[in-house]
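# Secondary and tertiary structure notes
Residue-level listing of the chains:
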Amino acid sequence: QLTLCTFYASRCAPIFAQKSAQFKLPLLAALCIKMNIEEVAKSWIEMWKLEADDPRRDQYEWLEDIEYEFVYEKPDKTLDLILAIMNFSQNNAINEVLAAGPLAQFLAQHGPEIIERVEQLAQEEKKFANLLGGV
């Protein structure tokens, strides 16, 4: 499971600095939402099904923080998330966004560290090999 506290810590710092301890604890508890990779993957897919100007996308703004945190600071979780999105997605347009976005960023950031795992997955899973073709 993932705890989203870390994703919002920097955004909440100004609020925390101005509030009393009585206010901080409930806010921190509200931000500490536990989610598993599958829930994040399904939310990511739902967000990308919406048009860019659809106001409903605002409810998924937190995904940008997770995606950034994973790609740049939690590479061990990034591949799990990418595979979960890939496995839940039945939409070519979603897979194109996944390949050109998180997967491309992940490979650019951590290529030498993860290349063997990526090559192994590409040999084992045709869907992943196809996804790599979109990078």
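Our subject is the structure listed above.
### Overview of the overall build of the protein chain
Tallying secondary structure elements over the protein chain gives seven helices and two strands in all. Along the protein chain, from the amino end to the carboxyl end, the secondary structure elements read β-α-α-β-α-α-α-α-α. Looking at the protein chain as a whole, 39% of its 135 residues qualify as buried. Across the protein chain, every contact between residues at least 6 apart in sequence was considered, and the portion connecting residues at least 24 apart equals 68%. Surface exposure of the protein chain reaches about 8,200 Å², of which carbon and sulfur atoms provide 51%.

### Notes on the pattern of salt bridges
Within this structure, the stated rule accounts for three salt bridges. One salt bridge in this structure joins Lys49 and Glu46, with 3.2 Å as the shortest N-O distance. With Lys49 and Glu46 both in helix H3 (residues 37–49), this residue pair falls three residues apart, about one helical turn. Among the residues examined, Glu46 registers a relative accessible area of 35% and is labelled partly exposed. Measuring nitrogen to oxygen at the nearest pair gives 2.6 Å for the salt bridge that ties Arg56 to Asp54.

What counts as what
- Residues numbered from 1 in each chain as written.
- Predicted model: local features only at pLDDT ≥ 70, side-chain atom pairs only at ≥ 80, totals over all residues.
- Heavy atoms only, no water.
- Helix = DSSP H or I, 4+ residues; strand = E, 2+ residues; numbered from the N terminus.
- Buried < 20%, exposed > 50% of the residue type's maximum accessible area, 1.4 Å probe, protein only.
- Contact = heavy atoms within 4.5 Å.
- Areas by Shrake-Rupley, 256 points an atom, 1.4 Å probe, with all protein chains shown as cover.
- Salt bridge = Lys/Arg side-chain N within 4 Å of Asp/Glu carboxyl O.

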